[in-house]
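Examining the three-dimensional arrangement
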Amino acid sequence: MESKKGLVMIFIASALFSLGGLLIKMIPWQALTINAWRCGISVCILLCFAKATHHKLTMTPGVWAGAAAMCLTVSCYAVANKLTTAANTILIQFTAPAFVILFLWLIFQERPKKLDIITCLLVFAGIACFFLDGLSAGNLLGNGIALISGIGYAWVFLLNRIPGGDPLYSTILGHALCFVIGLPSVVRETEYSPRIVLCAVLLGVFQLGLAYVFFTTGIRTAPPVSASLVAGIEPILNPVLVALVLHEKLSGLALLGGAVVFLSIMVYNVLRARAEAAEQPLPETETVSS
């Protein structure tokens, strides 16, 4: 039951995360400026949440490792959104479940099953389509940075597996690092219209702050692979919002790569859920004698 509640919270968080592509595209600032603004606001919200829930600060190597993963994820996401399409960015980042499987195997010695291996191969084939498209469309650098974001995002889903890990404070410290890194870029910006500031505030409050309140709460009880797959709502909503408002479109090859990545992971999720249900023991029933 607790794992189901955790997955619902991951779903809500992913819906809020999906606002990122559109809002970042609507702000003319440098990527690190945008990231500093949204992370600074997010830190304030998450610290209030930690105080309200009496969550004690722990400063362990595991927390700092998680903070580094979080900083890498959100920074690369913001930069990639400025260099390539929002759809490319989020769909490439959505390769995270394949890296979760890979890291569980290489770091935590959890041998992958046949389905895991097939899914990883299909996901990496989808990635290849994005990079072939990037060679012709000039998005190669943005696609590469989006892939780094996906690798960092995989580690975010493994925060509970890191000894001494604390998802909430890893997120707070990671966002604080992003704020510090982006400060030099912030002071160089000159355009602060009400619309731009409003978009930046919305990013910080909803797309990071409240989203990570749900995310860090849900990730405590949600299985890492299932959680990363439930997050599939984000790569659907994110490019749809950008396409509707800003009319940004995917090329044919990028669309093929996105379809391969998304469908592979969704099919994997369904098959895995069925396998887990089949492995659960049936409840005992009473026999009635006549």
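Values in this document were obtained by computation on a predicted structure and should not be read as measured data. (Residues numbered from 1 in each chain as written. Predicted model: local features only at pLDDT ≥ 70, side-chain atom pairs only at ≥ 80, totals over all residues. Heavy atoms only, no water.)

When you go through the chain residue by residue, the secondary structure sums to 13 helices and 0 strands. Starting at the N terminus and walking to the C terminus, you meet the elements of the chain as α-α-α-α-α-α-α-α-α-α-α-α-α. For 290 residues, the compact-globule estimate of 2.2 N^0.38 gives 19 Å, and the chain sits close to it at 20 Å. Projected onto its principal axes, the C-alpha positions of the chain cover 85 × 50 × 35 Å. Counting the 290 residues in the chain, one finds 51% classified as buried. Here the chain has roughly 13,700 Å² of accessible surface; of this, 71% comes from carbon and sulfur atoms. (Helix = DSSP H or I, 4+ residues; strand = E, 2+ residues; numbered from the N terminus. Rg over C-alpha atoms; globule rule 2.2 N^0.38 Å. Buried < 20%, exposed > 50% of the residue type's maximum accessible area, 1.4 Å probe, protein only. Areas by Shrake-Rupley, 256 points an atom, 1.4 Å probe, with all protein chains shown as cover.)

Because an α-helix packs 3.6 residues into every turn, residues spaced three or four apart end up facing the same way. Here helix 1 (residues 2-17) is 16 residues long and its end C-alpha atoms lie 22 Å apart, about the 22 Å a rise of 1.5 Å per residue gives. Those residues of helix 1 lying buried are Gly6, Ile10, Ala13, Ser14, Leu16 and Phe17. For helix 1, the buried positions fall inside an angular range of 155° around the axis, keeping them on one side. (Expected span 1.5 Å × (residues − 1). Arc of directions from axis to C-beta.)

The subject of this paragraph is the packing of helix 3 (residues 31-52) against helix 9 (residues 167-186). Running from N to C, helix 3 and helix 9 point in directions that differ by 145°, and their axes come no closer than 7 Å. Crossing hand, helix 3 versus helix 9: left-handed. Residue composition of the contact of helix 3 with helix 9, grouped by class: 17 nonpolar, 8 polar and no charged. (Axes fitted to C-alpha atoms, helices over the stretch in contact; angles between N-to-C directions. Left-handed = near helix turned anticlockwise from the far one by under 90°. Nonpolar A, V, L, I, M, F, W, Y, C, P; charged D, E, K, R; others polar.)

On to the side chain of Asn88. Mapped onto the secondary structure, Asn88 falls in helix 5 (residues 86-93). Here Asn143 takes part through its side chain, which lies 3.3 Å from a polar atom of the side chain of Asn88. (Polar contact = N/O pair within 3.5 Å; in protein donor to acceptor, adjacent residues only side chain to side chain.)

Before going further, it helps to examine the packing of helix 4 (residues 61-83) against helix 5. Packing of helix 4 against helix 5 leaves a shortest axis separation of 8 Å and a crossing angle of 150°. Between helix 4 and helix 5, the angle is such that the two are roughly antiparallel. You can see that helix 4 and helix 5 cross each other, and the crossing is right-handed. Residues Thr73, Tyr77, Ala80 and Asn81 of helix 4 form the contact with helix 5, whose participating residues are Ala86, Thr89, Ile90 and Gln93. Here the contact of helix 4 with helix 5 is built from residues that sort into 4 nonpolar, 4 polar and no charged. (Parallel < 35°, antiparallel > 145°, perpendicular 65-115°, else oblique. Contact = heavy atoms within 4.5 Å.)

This prediction gives the chain a mean pLDDT of 84; 93% of its residues lie at or above 70. Looking across the chain, the model is least confident in helix 11 (residues 224-230), with a mean pLDDT of 70, and most confident in helix 3, with 94. Predicted confidence for residues 284-290 stays below pLDDT 50, and this span has 0 contacts to residues more than four positions away or in other chains. (pLDDT = per-residue confidence, 0-100.)

This part is about the packing of aromatic side chains. The final tally for this structure, using the stated rule, is 12 aromatic pairs. Ring geometry for Phe17 and Tyr212: centres 4.9 Å apart, planes at 55°, overall tilted. In this pair, Phe17 is assigned in helix 1 and Tyr212 in helix 10 (residues 194-218), connecting sequence segments 195 residues apart. Each of the two residues, Phe17 as well as Tyr212, counts as buried. A network of ring pairs unites the aromatic residues Phe99, Phe103, Phe108, Phe124 and Trp155 as a single cluster. (Phe/Tyr/Trp six-rings, centres within 6.5 Å; stacked < 30°, edge-to-face > 60°.)

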